[in-house]
Amino acid sequence: MTSQLGTVERPLRVAIIGAGPAGFYAAGALLQQKEVSASVDMFDRLPTPHGLVRYGVAPDHQKIKSVAKLYDRTAADPRFRFFGNVDFGKDITHADLHRHYDQILYAVGAQSDRKLNILGEELMGSFSATEFVAWYNGHPDFADLEFDLSGEVAVVVGVGNVAMDVARILARSIDELSATDITDYALEKLAQSQIKDIYVLSRRGPAQVKFTPPEIKEFGELAIADVVVNGDELALDPLSAAEAAASTETQRNVEHLRDYAARALTNKPRRVHFRFLVSPVEILGEDGKVSAVRLEKNRLRADANGNLSAEGTGKFETIPAGLVLRSVGYKGIPLEDVPYDQRNGTIPNEQGRVKDPESGKVIAGEYVVGWAKRGPTGVIGTNKPDAGETVAMMLADLPTTPPAANPNPAAIDALLEERQLNFVTIEGWRILDQLEVESGQAQGKPRVKFTRIQEMLETLHAEIHLKA
Ligand code: NAP
């Protein structure tokens with residue numbers, strides 16, 4: 001007789017795809033609950049865990065990264081295993097996971113970015129902010145990008161917190177950055193930066209920005225950059241004034257901006273300009289390289305529900321610029337053999353239960369968390385309740401979950417070895433982590449990251465041989 005799923009004799013076997021915050025909160029929730037006996041295998045295409053905490057969070061926001069300690073605690077549970085450097089859809093397929101796990105949980109985030117869809121977007125010197133972020137944070141896929149910072153003007157499109165991160169990194173002094181875990185190659189490049197003016201463009205007004213008050217406040221405290229805001233662009237129409245009155249966060253954002261507009265410039269060598277009610281309509285180029293951004297001035301237009309959107313006025317201006325960072329949101333990409341909602345860039349789901357988009361029916365044993373579930377919004381902590389919801393569904397579905405054909409954990413190691421995959425375990429990650437922290441200590445930094453997969457694998461190989 002086979003044992004019941006979720007008992008000590010036959011624990012629930014869960015595969016989590018993606019080792020970012022959403023995946024870790026879900027793993028934590030699964031392993032902390034007491035009703036069901038469960039074990040978790042987490043896969044990531046990179047050798048290192050922690051996703052956006054490692055490769056997204058700005059290097060000058062180290063405190064936010066301390067959340068990784070919580071994930072390390074989850075990873076220390078003997079019922080948890082990590083398989084890094086294993087690419088879902090290539091190294092391990094949906095069919096493999098289906099055979100070895102009772103439930104599959106997708107925690108893959110949003111790996112691409114939204115486009116502006118304007119002329120010149122593909123010119124040299126025009127990047128998505130997500131590329132710039134991944135580059136300065138040492139993401140192996142982006143470590144070879146070349147950013148030309150020899151021009152005096154950079155334009156950042158969008159006013160979310162990612163736009164704040166990239167504008168701030170461009171505005172910071174090398175002294176401010178050198179005590180962070182920003183990569184050495186980025187530090188070197190930024191040390192030669194000629195950028196003096198950084199324009200941050202909002203297509204709507206100051207009451208519709210997406211950044212949060214601590215992020216805008218930080219600009220007032222930068223060592224070598226002043227903030228420039230034109231008070232005329234801060235005027236609120238009645239609907240915007242009502243939006244500001246209804247939200248403390250909006251009110252505080254507007255207050256910070258008004259404070260900047262009222263401040264006298266202190267002649268710092270750099271300036272961050274916040275502009276409102278302007279949309280880029282074309283990125284202009286010379287010899288294939290960005291040379292300027294053409295903007296259209298907007299007005300706000302309310303729809304029947306009172307939502308305010310930007311509408312062009314037919315008035316234009318041009319800002320000469322050598323670098324454009326488009327920061328208009330992340331977007332998910334489809335996974336092999338997994339449903340995908342093209343419009344939202346998410347995996348279609350109902351409270352985290354994956355749905356077949358055609359029949360609208362829930363697919364047994366398949367779940368989703370984080371940005372892949374709800375789209376690219378919210379801070380790291382938002383993923384905790386989000387994961388809680390999905391895990392509650394997973395546990396509630398246990399009686400109807402079809403058990404895996406081969407749930408033996410050893411079968412996974414055997415499969416990966418048979419395919420000659422160089423996978424990295426949690427012990428491997430701990431070695432890399434320790435080496436990074438040690439080389440950081442020698443330089444007064446939190447860590448010095450490995451930025452090449454090959455280097456990580458070779459280091460592990462050497463370390464393991466050393467210990468053997
Ligand atoms: P976001 O908050 O959604 O902001 C996207 C920005 O792009 C908005 O200002 C949006 O304006 C603008 N935009 C979109 N399409 C545009 C277009 N065609 N032309 C001009 N502007 C356009 O996205 P995000 O900044 O990528 O951040 C993603 C999530 O990560 C957010 O929840 C954010 O708070 C979070 N995050 C948090 C931190 C932190 O806590 N420090 C740091 C980084 C990221 P509209 O409003 O007009 O659409």
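Look up a bit, the structure's there.
S.K.: Residue-level account of empty space enclosed by the protein, with values.
M.R.: Considering all chains together, one arrives at 1 cavity of 30 Å³ or more under this definition. In terms of lining, the largest cavity is formed by Val108, Gly109, Gly332, Ile333, Tyr340, Gly345, Thr346, Ile347 and Ala372. Residue composition of the lining of the largest cavity, grouped by class: 5 nonpolar, 4 polar and no charged.

S.K.: Requested: an account of the site of the ligand, with residues and values cited.
M.R.: Residues in contact with the ligand amount to 22 residues; listed here are only the nearest, Arg203, Arg204, Lys210, Glu215 and Gly378. The contact in question runs from an oxygen atom of the ligand to an N or O atom on the side chain of Arg204, over 2.8 Å. The separation between a nitrogen atom of the ligand and a polar side-chain atom of Glu215 is 2.9 Å. Contact with the protein chains removes 83% of the 920 Å² of surface that the ligand exposes when unbound. In terms of residue count, the dominant contributor to the shell around the ligand is helix 7 (residues 161-171) (3 residues).

S.K.: I'd like to hear about the packing of helix 1 (residues 21-32) against helix 4 (residues 68-75), residue by residue, with values.
M.R.: The N-to-C vectors of helix 1 and helix 4 enclose an angle of 45 degrees; their axes lie 9 Å apart at closest approach. If you check the angle between helix 1 and helix 4, you find them oblique. As for the relative orientation of helix 1 and helix 4, their crossing is left-handed in sense. Of the residues in helix 4, those touching helix 1 at Pro21, Phe24, Tyr25, Ala27, Gly28 and Leu31 are Leu70, Tyr71, Thr74 and Ala75. Class assignment for the residues of the contact of helix 1 with helix 4 results in 8 nonpolar, 2 polar and no charged.

S.K.: So what's going on with the sheet that holds strand 16 (residues 349-350)? Which residues, and what values?
M.R.: Here 7 strands make up an open sheet; going across it, the order is 3-2-1-4-18-17-16 and the pairing mixed. This sheet does not close on itself; its edge strands, each paired only once, are strand 3 (80-84) and strand 16. As judged from the 6 bridges shared by strand 1 (residues 12-17) and strand 2 (residues 38-44), these two strands associate in the parallel manner. Among the inter-strand pairings, Arg13 is bridged to a residue of strand 2, identified as Ser39.

S.K.: If you had to explain unusual backbone geometry to someone new, which residues and values would you point to?
M.R.: Phi at Leu277 is positive, roughly 60 degrees, even though this residue is not glycine. Looking at the element boundaries, Leu277 is found in the loop between strand 10 (270-275) and strand 11 (278-286). Looking at Leu277, the relative accessible area reads 22%, which means it is partly exposed. Even without glycine at this site, Asp337 takes up a positive phi of about 65 degrees. Among the structural elements, Asp337 can be located in the loop between strand 15 (330-331) and strand 16. Take Asp337: its relative accessible area is 57%, and that puts it in the exposed class.

S.K.: How would you summarise the packing of aromatic side chains if you had to cite specific residues and measurements?
M.R.: In the structure shown here, the tally under the stated rule is 16 aromatic pairs. Chaining the aromatic ring pairs together yields one cluster made of Phe127, Phe132, Trp135, Tyr136, Phe147 and Tyr185. Positioned above the aromatic ring of Phe316 is the side chain of Arg294, whose terminal nitrogen or guanidinium carbon lies 4.1 Å from the ring centre.

S.K.: Tell me about the pattern of salt bridges, and please be specific about residues and values.
M.R.: This model, assessed by the stated rule, comprises 38 salt bridges. Salt-bridge contacts for Asp60 lead to Arg168; the nearest nitrogen and oxygen are separated by 2.7 Å. On the criterion of sequence distance, the pair formed by Asp60 in the loop between helix 2 (51-55) and helix 3 (62-65) and Arg168 in helix 7 is long-range, its members being 108 residues apart. Given the relative accessible area of 17%, Asp60 is considered buried. By relative accessible area, which is 0% here, Arg168 ends up buried.

S.K.: Let's hear about the layout of surface pockets: which residues, and what values?
M.R.: As a volume, the second largest pocket reaches approximately 330 Å³. Lining the second largest pocket are 16 residues, with Lys65, Ser66, Ala68, Asp433 and Arg447 positioned closest to its centre. When the residues that make up the lining of the second largest pocket are grouped by side-chain class, the tally is 5 nonpolar, 3 polar and 8 charged.

S.K.: I'd like a rundown of the packing of helix 11 (residues 238-246) against helix 12 (residues 248-262), residues and numbers included.
M.R.: In the contact formed by helix 11 and helix 12, the axes pass within 5 Å of each other and the chain directions differ by 115 degrees. Classified by the angle their axes make, helix 11 and helix 12 are roughly perpendicular. In contact with Glu243, Ala244, Ala245 and Ala246 of helix 11, helix 12 contributes Thr248, Thr250 and Gln251. A per-class count over the contact of helix 11 with helix 12 returns 3 nonpolar, 3 polar and 1 charged.

S.K.: A description of the pairing of strand 11 should follow, citing residues and the corresponding values.
M.R.: Bridge count for strand 11 against strand 12 (residues 289-302) is 8 bridges, and the pairing is antiparallel. Counted as the bridge partner of Glu286 is Lys289 from strand 12. In this structure, the hairpin formed by strand 11 and strand 12 is closed by a connection of 2 residues, where Asp287 is found at a positive phi of approximately 55 degrees.

S.K.: Describe in detail the side chain of Arg13, supporting the description with residues and values.
M.R.: In this fold, Arg13 is placed in strand 1. Its relative accessible area of 4% is what places Arg13 among the buried residues. A polar contact of 2.9 Å, which involves the side chain of Arg13, links it to the side chain of Asp41. Excluding residues within four positions of it along the chain, Arg13 makes contact with Ser39, Asp41, Arg81, His100, Tyr101, Asp102, Gln103, Pro407 and Pro409.

S.K.: An account of the sheet that holds strand 10 is needed here, citing residue identities and associated values.
M.R.: Strand order in this open sheet of 6 strands is 6-14-7-8-10-9, and the pairing throughout is parallel. Strands at the two margins of the open sheet, each flanked by one partner only, are strand 6 (126-128) and strand 9 (225-229). The sheet shows a mean angle of 20 degrees between the axes of neighbouring strands, taken without regard to direction. Bridging between strand 7 (residues 153-157) and strand 14 (residues 323-326) involves 4 bridges; their strand directions are parallel. The partner of Val157 across the bridge, within strand 14, is Arg326.

So, how was this worked out
- Residues numbered from 1 in each chain as written.
- Predicted model: local features only at pLDDT ≥ 70, side-chain atom pairs only at ≥ 80, totals over all residues.
- Heavy atoms only, no water.
- 1 Å grid on protein atoms, 1.4 Å probe; cavity = no way out; pocket = protein on both sides within 12 Å on 5 of 7 lines; lining within 4 Å.
- Points joined across faces, edges and corners; volume = space filled by probe spheres on them.
- Nonpolar A, V, L, I, M, F, W, Y, C, P; charged D, E, K, R; others polar.
- Near = heavy atom within 4 Å.
- Polar contact = N/O pair within 3.5 Å; in protein donor to acceptor, adjacent residues only side chain to side chain.
- Areas by Shrake-Rupley, 256 points an atom, 1.4 Å probe, with all protein chains shown as cover.
- Helix = DSSP H or I, 4+ residues; strand = E, 2+ residues; numbered from the N terminus.
- Axes fitted to C-alpha atoms, helices over the stretch in contact; angles between N-to-C directions.
- Parallel < 35°, antiparallel > 145°, perpendicular 65-115°, else oblique.
- Left-handed = near helix turned anticlockwise from the far one by under 90°.
- Contact = heavy atoms within 4.5 Å.
- Pairing = 2+ DSSP bridges.
- Buried < 20%, exposed > 50% of the residue type's maximum accessible area, 1.4 Å probe, protein only.
- Phe/Tyr/Trp six-rings, centres within 6.5 Å; stacked < 30°, edge-to-face > 60°.
- Lys NZ or Arg CZ within 6 Å of the ring centre and 35° of its normal.
- Salt bridge = Lys/Arg side-chain N within 4 Å of Asp/Glu carboxyl O.

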